[in-house]
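Tertiary structure, described
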Amino acid sequence: MTYSLGDIAISLALVIGGAFVLVGSIGLIKLRNPMSRLHAPTKAGTLGVGSILIASVIYSFAYGEGSLHELLIMIFLFVTAPVSAHFIAKVHIHRDQTEQKLPKPPADTDWATKHTHARDNGQVGGQIGDQIGTDADTLS
Amino acid sequence: MITYALYFGFACIAIAQLLAMVRLIIGPDVGDRILALDTMSINTVALIVLLGLAGGSQIYFEAALIIAMLGFVSTVAYARFVLRGDIIE
């Protein structure tokens, strides 16, 4: 039982595409970080769908008149996948960065005015620094 | 041989669709749900193309293209709604 080259190419593209789509969704389930979950299906999904569309193109050339319509879907997916991934990443950042997770502002010890005050009175600069620090704490 | 490869592809994409649906249900945050919806729309495009391959017809191509476009638009609309509280400002 022999197979033609087109059959082998179509079958290979189909198997690769299905495996990539499956791996992308397994990553969507298994990974722990939201950003890692974003990484898995966006790349593997587009690659898998691209492979399946290539299989469809080869099939149409092998068993019909041949058509390149599927390249339209492929180009569209390749163009829009980074845009949607960017939007989803922005949603993750927007929802995950709460006020408590932001880093604390650094201590204000390097102010240019501190030294002039410190020359007059050693306590004043420290007081200003503490006051600014508490202001930043209440703001954050 | 193409038949078995088609069966394999159908099984893989069906399982992938189910896993994405699980993530859609248990997703701890809104971003995960948007991502699961986006993945499901892309998987649907692949599934429709496979259906066209199995049926040997070109009719399913337009459906796949429309679902790809609507999936992208819905993902962007959902993300913008979460980000800005409005879709078209």
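The rules behind each value
Residues numbered from 1 in each chain as written. Chains lettered and ligands numbered in written order. Predicted model: local features only at pLDDT ≥ 70, side-chain atom pairs only at ≥ 80, totals over all residues. Heavy atoms only, no water. Helix = DSSP H or I, 4+ residues; strand = E, 2+ residues; numbered from the N terminus. Buried < 20%, exposed > 50% of the residue type's maximum accessible area, 1.4 Å probe, protein only. Areas by Shrake-Rupley, 256 points an atom, 1.4 Å probe, with all protein chains shown as cover. Contact = heavy atoms within 4.5 Å. Buried area = accessible area lost by both parts, 1.4 Å probe. Salt bridge = Lys/Arg side-chain N within 4 Å of Asp/Glu carboxyl O. Polar contact = N/O pair within 3.5 Å; in protein donor to acceptor, adjacent residues only side chain to side chain. pLDDT = per-residue confidence, 0-100. UniProt positions renumbered as here; feature names shortened; annotations may be inferred. Expected span 1.5 Å × (residues − 1). Axes fitted to C-alpha atoms, helices over the stretch in contact; angles between N-to-C directions. Parallel < 35°, antiparallel > 145°, perpendicular 65-115°, else oblique. Left-handed = near helix turned anticlockwise from the far one by under 90°. Nonpolar A, V, L, I, M, F, W, Y, C, P; charged D, E, K, R; others polar. Phe/Tyr/Trp six-rings, centres within 6.5 Å; stacked < 30°, edge-to-face > 60°.

1. Overview of the overall build of chain B
A count of helices and strands for chain B gives three helices and zero strands. Ordered by position from the N terminus, the helices and strands of chain B form the series α-α-α. Looking at chain B as a whole, 46% of its 89 residues qualify as buried. Counting only carbon and sulfur atoms, one obtains 74% of the accessible surface of chain B, whose full area is about 4,400 Å².

2. Side note on the interface of chain B and chain A
With 44 residues of chain B in contact, the opposing surface of chain A contributes 48 residues. Surface buried jointly by chain B and chain A totals about 4,100 Å² across both partners, of which 80% is contributed by carbon and sulfur atoms. Seen at the junction of chain B and chain A, the total is two salt bridges. Here R95 of chain A makes a salt bridge to D29 of chain B, at a shortest N to O gap of 3.4 Å. Connecting chain B to chain A are five residue pairs in polar contact (both at pLDDT 80 or more). Mapped by element, the contributors of at least two residues to the side of chain B that touches chain A are α1 (2–26), α2 (30–55) and α3 (60–84) of chain B.

3. Thoughts on the confidence of the model for chain A
Here chain A averages 78 in pLDDT, and 77% of its residues register 70 or above. Within chain A, helix α5 (residues 122–139) of chain A has the poorest average pLDDT of any element, 50, and helix α1 (residues 5–30) of chain A the best, 90.

4. Side note on the UniProt feature "transmembrane region" (unreviewed entry) in chain B
Mapped onto the present numbering, the UniProt feature "transmembrane region" (unreviewed entry) falls at residues 6–26, 33–53 and 59–83 of chain B. For residues 33–53 of chain B, the end-to-end C-alpha separation is 30 Å, with 100% helix and 0% strand making up the annotated structure.

5. Considering the pattern of salt bridges
The full count for this structure, using the stated rule, is two salt bridges over all chains. The salt bridge involving R37 of chain A is made with D32 of chain B; its shortest N-O contact spans 3.0 Å. Note that R37 of chain A is positioned in helix α2 (residues 34–63) and D32 of chain B in helix α2, a pairing that runs across two chains. Across this residue pair, the class does not change: R37 of chain A and D32 of chain B are buried.

6. Some points on α3 of chain B
For α3 of chain B, which comprises 25 residues, the first-to-last C-alpha distance of 36 Å matches the rise-based estimate of 36 Å (1.5 Å per residue) to within 8%. Those residues of α3 of chain B not exposed but buried are F61, A64, L65, A68, G71, F72, T75, V76, A79, V82 and L83 of chain B. Residues of α3 of chain B that are buried make contact with α3 (70–96) of chain A together with α2 of chain B. G85 of chain B occupies a position one or two residues after α3 of chain B and carries a positive phi of about 80 degrees.

7. Focus on the packing of α1 of chain A against α2 of chain B
Contact geometry for α1 of chain A and α2 of chain B: axes closest at 11 Å, N-to-C directions at 160 degrees. With respect to α2 of chain B, the element α1 of chain A is oriented roughly antiparallel. Here the hand of the crossing between α1 of chain A and α2 of chain B comes out left-handed. Only L35, A36, T39, N43, L50 and L53 of chain B of α2 of chain B make contact with α1 of chain A, whose side of the interface consists of L14, V21, S25 and L28 of chain A. Tallied by class, the residues present in the contact of α1 of chain A with α2 of chain B amount to seven nonpolar, three polar and no charged.

8. Focus: the environment of A44 of chain A
All names here are of chain A. Relative to the assigned elements, A44 resides in helix α2. Linking A44 and G24, residues 20 residues apart in sequence, is a C-alpha distance of 5.0 Å. Residues within four places of A44 in sequence aside, it is in contact with F20, V21 and G24.

9. Quick look at the environment of L19 of chain B
Following the sequence through the fold, L19 of chain B ends up in helix α1. In sequence terms L19 of chain B and A36 of chain B are 17 residues apart; their C-alpha atoms lie 9.0 Å from each other. Among all residues touching L19 of chain B, those that are not within four sequence positions of it are S25, I26 and I29 of chain A.

10. Some thoughts on the packing of aromatic side chains
Throughout the structure, instances matching the rule amount to two aromatic pairs over all chains. Where Y59 of chain A meets Y63 of chain A, the ring centres are 5.0 Å apart and the plane angle is 35 degrees; that geometry is what we call tilted. Here Y63 of chain A and Y59 of chain A lie together in helix α2, a separation of four residues that amounts to about one turn. When the centroid spacing of 6.2 Å and the interplanar angle of 90 degrees are considered together, the rings of F76 of chain A and F72 of chain B count as edge-to-face. With one member in each of two chains, F76 of chain A in helix α3 and F72 of chain B in helix α3 form a pair that bridges those chains.

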